[in-house]
Amino acid sequence: FVSVLVQIPAREIGWDNRDDDGHLGKLKRQVLIGLQAMCSAEDKKLIKEATNRFEQYVSCSDPAAAAKILPAEIKSSVFQIVLSNATDNSALEKMIELANAESDAAERKIIFLSIGSAHSAELKERVLEWSVSGQVKLQDFFYPMSSVSNSSYEGAEIAWTFLKQNFDKIRGMVELPNIVMAVVAACSSGFASDQHADDMERFFKDVNTTGLDRKIQQIVGKTRASAKLKTTLQSSTGFKSYLRQFS
């Protein structure tokens, strides 16, 4: 439904910045291409355009020209489209190379928050391993984790499993509780079942959660609240009828 809804306005606004865009024009382009990245990511024309721009961008040595090829407001969406439709690991490795070489913090963050869209479980795990390899600054290393977790339900499961397997290592890497909190939130948020809430409670009961207890309670509470809402919606005939309009 969303894919069909945005096709015409997305085609009208296009991919390239215009002189008369203004703030709202750029924002409209960002939103529409972002929606396409979420809901139309398998569209062949969309993939072709995003891939062509990505390849030109990574091979361009002129920052001004690169900014025209891939304007900042659509960069994350293009990265996500390319990564989620790649047939091998070359796009991901190029993204890691870009991140490692990037000196601008804002540009690195765009990469970090897109890179979890890698198309396979194996590559999502590769992103997580990279995030704790020492190549990503400690104040940033939870961003790639969040990207994996937010990429899909599978990504959320992978990130949560990674946290459980590497929690002691991560705790040993950083002393600031706020950063560890960010890691925990990145890897354990987004679930909506009592089973996941129970799993979180069991896991955190047996590890060092000094300085994290309140955050963990909030995440578990939110997970249970989401589970309750999901159950309510699934049992609602009115909601089911509403959804059938778009099926």
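Since the model is a prediction, treat every value here as computed from it, not as a measurement. Numbers given for residues are sequential positions, taken from 1 along each chain in its written order. Totals for whole chains, interfaces and linings use every residue, but because this is a predicted model, local features are given only for residues with pLDDT of at least 70 and side-chain atom pairs only at 80 or more, for both listing and counting. Excluding hydrogens and water, the side-chain values take into account all heavy atoms of the structure.

**Q** Tell me about the overall build of the chain, and name the residues and values.
**A** Scanning the chain for helices and strands turns up 14 helices and zero strands. A run of H or I in DSSP counts as a helix once it spans at least four residues, and a run of E counts as a strand once it spans at least two, with each numbered from the N terminus. Reading the helices (α) and strands (β) of the chain from amino to carboxyl end gives α-α-α-α-α-α-α-α-α-α-α-α-α-α. For the chain, the spread of C-alpha atoms along the three principal axes comes to 55 × 50 × 35 Å. Only protein chains enter the calculation, and the probe is 1.4 Å; a residue is then buried if its accessible area is under 20% of its type maximum, exposed if over 50%, and partly exposed in between. The buried share of the chain, reckoned over its 247 residues, is 43%. Contacts are residue-level and defined by heavy atoms, with any inter-residue pair within 4.5 Å sufficient. Partitioning the intrachain contacts of the chain with sequence separation of at least 6 by distance along the chain shows that 68% fall at a separation of at least 24. For accessible areas, the Shrake-Rupley method is used with a probe of radius 1.4 Å. Any residue's cover is judged against the shown protein chains and nothing else. Summed over all atoms, the accessible surface of the chain reaches about 13,800 Å², with 52% contributed by carbon and sulfur. All tallies of charge rest on Lys and Arg as positive and Asp and Glu as negative; His and the ends of each chain are not included. All charge positions are set by atom: Lys at NZ, Arg at CZ, Asp at CG, Glu at CD. Distance from the positive charge centre (30 side chains) to the negative charge centre (31 side chains) of the chain: 6 Å.

**Q** Give a detailed account of a nonpolar patch on the surface, specifying residues and quantitative values.
**A** On the surface, a nonpolar cluster with roughly 280 Å² of combined accessible area is contributed by Leu24, Leu27 and Val31. Structurally, the position occupied by Val31 is in helix 2 (residues 22-39). Take Val31: its relative accessible area is 44%, and that puts it in the partly exposed class. A patch is a set of surface residues, each over 30% in relative accessible area and not in a salt bridge, joined within 9 Å for like charges and within 5 Å for the nonpolar side chains Val, Leu, Ile, Met, Phe, Trp and Tyr. Within this document, salt bridges are pairs made up of a side-chain nitrogen of Lys or Arg and a carboxyl oxygen of Asp or Glu, the two lying within 4 Å of each other.

**Q** Explain the layout of surface pockets to me, and be specific about the residues and the numbers.
**A** In this analysis the probe radius is 1.4 Å and the grid spacing 1 Å, with only protein atoms considered; a cavity is a set of points the probe fits into but cannot get out of, a pocket is an open set with protein on both sides within 12 Å along at least five of seven lines, and lining residues have an atom within 4 Å of a point. Grid points are joined across faces, edges and corners, and a volume is the space filled by probe spheres set on the points. As a volume, the largest pocket reaches approximately 370 Å³. Along its surface, the largest pocket is lined by 13 residues, and Arg11, Gln36, Asp43, Lys45 and Leu46 are the ones closest to its centre. When residues of the lining of the largest pocket are traced back to their parent elements, those giving at least two are helix 1 (2-13), helix 2 and helix 3 (44-59). Gly is placed with the polar residues, together with every amino acid not listed as nonpolar (Ala, Val, Leu, Ile, Met, Phe, Trp, Tyr, Cys and Pro) or charged (Asp, Glu, Lys and Arg). Grouping the constituent residues of the lining of the largest pocket by class yields four nonpolar, five polar and four charged.

**Q** Explain helix 8 (residues 121-131) residue by residue, including any values.
**A** When we look at burial in helix 8, the residues that qualify are Leu123, Lys124, Val127, Leu128, Trp130 and Ser131. Viewed end-on, helix 8 has its buried residues packed into an arc of 160°, placing them on one side of the element. Contact partners of the buried residues in helix 8: helix 6 (90-101), helix 7 (105-112), helix 9 (142-151) and helix 10 (153-173). The arc in question is the one spanned by the directions pointing from the helix axis to the C-beta atoms.

**Q** So what's going on with the packing of aromatic side chains? Residues and values would help.
**A** Aromatic contacts are taken between Phe, Tyr and Trp rings whose centres are within 6.5 Å, Trp giving its six-membered ring; a plane angle under 30 degrees counts as stacked, one over 60 as edge-to-face, and the others as tilted. Counted by the stated rule, this structure contains ten aromatic pairs. Consider the rings of Phe142 and Tyr143, whose centres lie 4.4 Å apart with planes at 45°: the pair is tilted. As far as the burial class goes, Phe142 and Tyr143 line up, both buried. Clustering of aromatic rings is evident, with ring pairs tying together Trp160, Phe167, Phe203 and Phe204.

**Q** Describe the side chain of Arg171, with residues and values.
**A** Along the chain, the position of Arg171 falls in helix 10. Although Arg171 is buried, it forms no salt bridge, and the closest oppositely charged side chain is Asp168 at an N-O distance of 7.5 Å. Those residues in contact with Arg171 that sit more than four places away from it in its chain are Val180, Asn208, Thr209, Thr210 and Leu212.

**Q** I'd love a proper account of helix 6, names of residues and values included.
**A** In an α-helix, one full turn covers 3.6 residues, which means residues spaced three or four apart are oriented alike. Multiply 1.5 Å by the residue count of a helix minus one, and that product is the helix's expected span. Counted at 1.5 Å a residue, the expected span for helix 6 with its twelve residues is 16 Å, and the 16 Å between its end C-alpha atoms agrees. Three or more residues of helix 6 are buried, namely Ala91, Leu92, Met95, Ile96 and Ala99. Taken end-on, helix 6 shows its buried residues confined to a sector of 140°, consistent with a single buried face. Next to the buried residues of helix 6 lie helix 3, helix 5 (72-85), helix 7 and helix 8.

**Q** Go over the confidence of the model for the chain, please, and point to the residues and values.
**A** Per-residue pLDDT for the chain averages 91, and the proportion of residues at 70 or more is 98%. Each residue gets a pLDDT score, which is the predictor's confidence in that residue and runs from 0 to 100. Here helix 1 stands out as the least confident element of the chain, with mean pLDDT 78; helix 8 is the most confident, with 97.

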